[in-house]
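# Architecture at a glance
Read off the chains here:
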Amino acid sequence: MDIGIVMNTMRDPAGVPAHPVLFQALMVFTWVFHIAFVHLTLGAAGLSIYAFHKRAENPNWERLSIAMTKVAKVGVSLLIVLGVAPLLFTQVIYDPQWYASNVLSGRWTIAFIFTLIVAYCAWFVFYYANHEGAKRHIGLYAWVALGLFCLDGLIMHALSYQALLPDEWMRWYAPDGMLDTRGAALHAIQWPRYLFIMSLSVPAVGVYLIAYAHYFAVREDREPAYRSFAVALGRQIASWGFVLSVIPLLAWQFAHPIGSGLSRHPIGWLLVATVLALAVWVRRFPQRTHGYAPLSAGLGLLALLAVWREVIRVQLLRPFGYDITSYTVHADWPSTALFFATLLGVGGLVGGFYLTLLYRSGRVQGIYNAEPGVARLGSAAVGILGLWIAVFFIYGIWIWVRNSFL
Ligand code: HEM
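Residues numbered from 1 in each chain as written. Predicted model: local features only at pLDDT ≥ 70, side-chain atom pairs only at ≥ 80, totals over all residues. Heavy atoms only, no water.

Overall, the coordinates contain eight salt bridges when judged by the stated rule. Notably, a salt bridge pairs D180 with R182, separated by 3.0 Å at the nearest N-O pair. Under the relative-accessibility criterion, D180 is labelled partly exposed at 23%. For R182, a relative accessible area of 48% puts it in the partly exposed group. Counted as one network, the salt bridges with shared partners bring together R219, D221 and R222. (Salt bridge = Lys/Arg side-chain N within 4 Å of Asp/Glu carboxyl O. Buried < 20%, exposed > 50% of the residue type's maximum accessible area, 1.4 Å probe, protein only.)

Shown next as structure tokens:
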């Protein structure tokens, strides 16, 4: 059986509504935001636990632990929401690989959801109990949550990685010719890849701390001593974090299949160089540098990682004759136009309004009165939402009338 023919046959016969490369670009782009919040959440969770156990030493630790617990709480919801977009795009152009991988580890795919729910509940218990003078044993909930979040990352990794190994699927599905439909195993884990991606959570919380101190510089209730504590800690965590993450990255570089050419590919080495450069830059961090600069550079690194993951996928699937550009296209211009109009209009304006509002209001102590510009943005956001809902219904009703009565 030729697995390449199987994969191409498993594609959605309805095809895709626009050029496949468009979905590929959107998949890579949207994944950056998912993984950014994965890193921020895991990093903030780890730091809040560490700070929780150190709070007797210095009140700054207690304060930081409570703040990072909140960051991780919000981070989980954002990483979940932001995981949906790349998930949909993966399912559009890599549907044979993604579904095969999910079915081969079906029990783990379902367990992913339940463990995530349990982990989030445990984190909420920690969040409610982590206040001044909190009891030591509540730290246990945080450890359980962090452990389960890491397990969820492992499941995500295995599902992504198994999708790249189609010539193994039959062996996993029918070992020694006997069908095994339980989906009870995670069949393939590439530890260096998993550890590298997860390890970036350490520098992520470091660069976040530097930005955090900058953000609160205008608020009197975040005293200079606390902010200096956060910046110094952030620099240390970020620079050491980048250095440590180079170890699994190098191991990953040499774990690519021989003959794939990936170990020599320039993007992989550019990633290594970027991580090292960031380690040095954050360590030397000049005073004049803007507090958000390391965070922005970190996002650049994640964009490179996202591109690298895709280069690996394309390279590993090519020998099987799987190429997304040969996906059947049934162009549907109205829905493509509606998608981009929604992305720019609703995403840009409504999302932009929320982000601006959160950013501005968080920098004010006490009650925040929106500036005229923010108020106007709010009215425009409500207007565009109304327009979007109207277009959505008019378009649907028009298609229904056309198909049923004309
Ligand atoms: C605590 C929860 C989660 C963690 C720690 C996590 C972590 C990860 C990691 C480490 C990867 C990269 C795997 C690799 O390339 O080897 C990944 C990929 C991905 N994650 Fe998550 N994730 C979580 C939750 C979610 C959720 C809830 C969704 C969807 C709603 C999601 C959607 C995705 C998608 C679509 C990919 C890319 C798959 C691919 O390219 O084949 N993740 N995630």
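Of all protein atoms, just one serves as a donor to the iron atom of the ligand, and that atom is H34 (NE2), at 2.2 Å. Following the sequence through the fold, H34 ends up in helix 2 (residues 20-53). (Donors = N, O, S within 2.8 Å, 3.2 Å for Na, K, Ca; no water. Helix = DSSP H or I, 4+ residues; strand = E, 2+ residues; numbered from the N terminus.)

Around the ligand lies a shell of 24 residues, among which H34, H157, R193, R309 and R313 are the nearest. H157 has a polar side-chain atom sitting 2.7 Å from an oxygen atom of the ligand. Counted by class, the shell around the ligand contains 15 nonpolar, five polar and four charged residues. (Near = heavy atom within 4 Å. Polar contact = N/O pair within 3.5 Å; in protein donor to acceptor, adjacent residues only side chain to side chain. Nonpolar A, V, L, I, M, F, W, Y, C, P; charged D, E, K, R; others polar.)

As a further point, take a nonpolar patch on the surface. Taken together, the side chains of W388, I389, F392, F393, I397, W400, F405 and L406 present a nonpolar region at the surface, about 940 Å² in accessible area. With respect to the helices, strands and loops of the structure, W400 is situated in helix 14 (residues 372-405). (Patch = residues over 30% accessible without salt bridge, like charges linked within 9 Å, V, L, I, M, F, W, Y side chains within 5 Å. Areas by Shrake-Rupley, 256 points an atom, 1.4 Å probe, with all protein chains shown as cover.)

Interaxial distance between helix 4 (residues 95-104) and helix 6 (residues 139-162) falls to 8 Å at its minimum, and their mutual angle equals 125°. Of the possible angle classes, the one that applies to helix 4 and helix 6 is oblique. For the pair helix 4 and helix 6, the sense of crossing is right-handed. For the pair helix 4 and helix 6, contact is made by W98, S101 and N102 and by A158, L159, S160 and Q162, respectively. Counted by class, the contact of helix 4 with helix 6 contains three nonpolar, four polar and no charged residues. (Axes fitted to C-alpha atoms, helices over the stretch in contact; angles between N-to-C directions. Parallel < 35°, antiparallel > 145°, perpendicular 65-115°, else oblique. Left-handed = near helix turned anticlockwise from the far one by under 90°. Contact = heavy atoms within 4.5 Å.)

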